[in-house]
Amino acid sequence: MSLSAKINTAVRMNIAKRRLESRKIESGAGNPLEQWGLAKIRNDIKNSKELKELFGNQELDRELINEYKLFRFRELMGYVMENSPYYKELYEKTGINPSQITKYEDLKNLPLTEQKQLADHPYHFLCVSRREIVREFTSSGTTNMLKRMAYTQHELLEIVDSVISGLKMAGMDAKDDTLQIMYPTITATWDPGLVLSKACALSGYNSVINDSLDADEQIKTMRESGTTIIIGTSSFLYELSKAARELIQPGELGIKRIICSSEPLTPSMRKEIEEVWGCKTLRQWGMTELGLANAIECVEQNGFHLNNPDFLVEIIDPKTGKQLLPGEEGELVVTTLRRRCMPLIRYRTRDITTLIEEPCTCGACLDQRISDIKRMTS
Ligand SMILES: [Zn+2]
C-alpha cells in the first residue's frame, strides 16, 4: 500500500471510530448493549426537529421507545414508498399511507414481506443508487432460498457499532481480552470473521482469526494469543469442546466467555461446552438479511437482547397472521428501522419465539428480548 493510501485508510479509520457510539459506553454503566441502544435513540431525537418536539427531554421509558419506533416506522414507510419499487407498488395497491399507522396494532393492516419475494427480486427492494453500495452479501439461511442484501458504508459502520456493544456485553474489555474468531464452516459470502475483526480493530480490542477445523490448532492459537473470548458456530464449538476435553483441563486456558452463533444450541451442547472450558456460553442470533448481529444473550442467559433501536419486532401466528401478545409463541416478524439501502418492512423470519416483557436480571429493563428460537419446519 502506498503512503497516501495508508494515510487515507488511517484517516477513514479515525473518522469511523469517532462515529462509533459503542466506544463511548463506560463499563459498569449498565448493560452495554442497552446503553448503546439508548444512546442511538437519544441522538436521533436530538437530531430531528419533529422528534424533539414530540419527546423533548423526557427520560426514555418503554412507552416512549415504542412511540419512537412507530415514528421511525412511519418515516421508513414514507421513504420506501418513494424509493423502493417493491414497496411503492405494494402500498399503492393496498391504498395505505404512513399516517394511518399510529399504534402497534395498525401494523397488521400492512402486508407481510415473504423471504421468497426478497429472494426472487432483491433489487426491487433497493432504495439507493448502486454507487452507494459498498458490500453485498448472499445467504441461503435455513430455507435454501438465496437472498441477496446490499449495505452502504454507513450501515456497515452501524452494524460494527452494534457488534462492539454486544462484545462489551459479553465481557470484552479493551485492555485484557483477545477474541478468537472461529468460523471454519461458513460458506456464505458474508464473512462474520471479517465483520468481527473489523469491529475489534475499530474499538481497540485484540482479535485473532483461526479457521482451522483442528482442535489442536485452535488450542495452540488460544495459548499463543492469550485468548479469553471465543466466538464461532454452535456446532463447531460443540465438536471442538468434545475434542478439547481430551487435551486440556477445564478452566486451564482462562477462557471467560464463549459466544455460540449462527445455529441453535441445545441445553446438552451448552452443558458440554461450559464444562470443558469452565465458563459461561452466550447464544447469538442474527440473519444476513437483517444485518447478521441482531440479538445476543447476556451472562444471565435469560433470553436474547435485541438491538433495540434497529428493529420493530412483532410476533404473529404464522398461519393466520394475527399479532400475538408477549409470552405467546409465534413467528418473529421484523422491520429494519435504521436501514436505508434495502430496508425490510414486516419481514417474516420463519423463526419461532416469544417476546419477553419482564426486565432482565442483568439490570436491562428497556431492551426487548426474545426467548429460545426454533426454526419453522414448513
Ligand atoms: Zn440481560
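Residues numbered from 1 in each chain as written. Predicted model: local features only at pLDDT ≥ 70, side-chain atom pairs only at ≥ 80, totals over all residues.

Going by what an unreviewed UniProt entry lists, the protein is known as Coenzyme F390 synthetase and is assigned to Methanomethylovorans hollandica.

Draft legend 1. Local environment of the overall build of the protein. For the protein, the helix and strand inventory stands at eleven helices and 15 strands. Its C-alpha atoms give the protein principal-axis dimensions of roughly 65 × 55 × 45 Å. Within the protein, the proportion of its 378 residues that are buried is 40%. In the protein, 65% of the contacts between residues at least 6 apart in sequence involve partners at least 24 apart. (Helix = DSSP H or I, 4+ residues; strand = E, 2+ residues; numbered from the N terminus. Buried ≥ 20, exposed ≤ 12 C-beta atoms within 10 Å, placed from the backbone. Contact = placed C-beta atoms within 7 Å.)

Draft legend 2. Quick peek at unusual backbone geometry. We note that Gln301 has phi near 50°; this positive angle belongs to a residue other than glycine. Structurally, the position occupied by Gln301 is in the loop between β8 (295–297) and β9 (304–306). Taking the number of C-beta atoms within 10 Å as the measure of exposure, Gln301 has 15 and is therefore partly exposed.

Draft legend 3. The arrangement of the packing of helix α2 (residues 32–47) against helix α7 (residues 153–169) in detail. Contact geometry for α2 and α7: axes closest at 7 Å, N-to-C directions at 150°. Contacts between α2 and α7 involve Pro32, Leu33 and Trp36 from the first element and Ser162, Ser165, Gly166, Lys168 and Met169 from the second. Of the residues in the contact of α2 with α7, the class split is four nonpolar, three polar and one charged. (Axes fitted to C-alpha atoms, helices over the stretch in contact; angles between N-to-C directions. Nonpolar A, V, L, I, M, F, W, Y, C, P; charged D, E, K, R; others polar.)

Draft legend 4. The nonpolar core, seen in detail. Residues Val163, Leu179, Ala199 and Ile258 are the most contacted members of the largest nonpolar core, which totals 79 residues. Ranked by the residues each element gives to this core, the list is headed by α7, at six residues. With sequence-adjacent residues up to four places away left out, Ile258 is seen in contact with Ile230, Leu237, Ile273, Trp277, Cys279 and Thr281. Counting six residues, the second-largest nonpolar core is a separate cluster that includes Leu38, Phe55, Tyr68 and Phe71. (Core = buried A, V, L, I, M, F, W, Y, C linked by C-beta atoms within 7 Å.)

Draft legend 5. A look at the sheet that holds strand β12 (residues 347–353). Within the open sheet, the four strands sit side by side as β10-β11-β12-β15. Their pairing is antiparallel. Single-partner strands in this sheet number two, and they are β10 (311–316) and β15 (374–375). Direction of pairing for β12 relative to β15: antiparallel, over a ladder of two bridges. Bridge pairing in β15 places Ile352 opposite Lys374. (Pairing = 2+ DSSP bridges.)

Draft legend 6. Examining the sheet that holds strand β14 (residues 369–370) more closely. The strand order across the open sheet formed by nine strands is β4-β3-β5-β6-β7-β8-β9-β14-β13, and the pairing between neighbours is mixed. Across the chains shown, the open sheet's two edge strands, defined by having one partner strand only, are β4 (206–209) and β13 (355–356). For strand β5 (residues 229–233) and strand β6 (residues 257–261), the ladder comprises five bridges, and the chain directions are parallel. Counterpart to Gly232 in the pairing with β6 is Cys260.

Draft legend 7. Molecular detail of α7. With 17 residues, α7 extends 25 Å between its outermost C-alpha atoms, agreeing within 8% with the 24 Å of an ideal straight helix rising 1.5 Å per residue. Taking burial as the measure, the 17 residues of α7 include 13 buried ones, the bulk of the element. In the stretch just after α7, Gly171 is the one whose phi turns positive, near 105°. (Expected span 1.5 Å × (residues − 1).)

Draft legend 8. Molecular detail of the confidence of the model for the protein. Counting all residues, the mean pLDDT for the protein is 90, and 93% of those residues have values of 70 or more. Confidence scores differ between elements of the protein, with helix α1 (residues 3–19) showing the lowest mean pLDDT of 69 and strand β11 (residues 330–336) the highest of 98. (pLDDT = per-residue confidence, 0-100.)

Draft legend 9. Here's a closer look at the packing of helix α10 (residues 234–244) against helix α11 (residues 267–277). Where α10 meets α11, the axes come as close as 9 Å, and the angle between the chain directions of the two elements is 45°. The angle between α10 and α11 falls in the class oblique. Crossing angle aside, the handedness with which α10 passes α11 is left-handed. The segment α10 lies against α11, with Ser234, Leu237, Tyr238, Ser241, Lys242 and Ala244 engaging Met269, Glu272, Ile273, Val276 and Trp277. Partitioned by chemical class, the residues of the contact of α10 with α11 number seven nonpolar, two polar and two charged. (Parallel < 35°, antiparallel > 145°, perpendicular 65-115°, else oblique. Left-handed = near helix turned anticlockwise from the far one by under 90°.)

Draft legend 10. The arrangement of the environment of Tyr87 in detail. In this structure, Tyr87 sits in helix α5 (residues 85–94). Sequence spacing of Tyr87 and Ser241 is 154 residues, and the spatial spacing of their C-alpha atoms is 46 Å. Excluding its chain neighbours within four sequence positions, the residues that come into contact with Tyr87 are Val80, Met81 and Ile345.

Draft legend 11. Structural detail: the environment of Glu358. With respect to the helices, strands and loops of the structure, Glu358 is situated in the loop between β13 and β14. Overall, the presence of 11 C-beta atoms within 10 Å leaves Glu358 in the exposed class.

Draft legend 12. View of the environment of Ile373. With respect to the helices and strands, Ile373 occurs in the loop between β14 and β15. Taking the C-alpha atoms as reference, Ile373 lies 6.2 Å from Asp351; in sequence the two are 22 residues apart. In this structure Ile373 touches Pro264, Trp285, Asp351 and Thr353, once residues within four positions along its chain are discounted.

Draft legend 13. Layout of helix α4 (residues 62–83). Between its first and last C-alpha atoms α4 spans 31 Å; for 22 residues at 1.5 Å apiece the expected length is 32 Å, and the two agree. All of the buried residues in α4 are Tyr68, Lys69, Phe71, Arg72, Phe73, Leu76, Met77 and Val80. Where α4 is buried, its residues contact α2, α3 (49–55), α5, β10 and β11.

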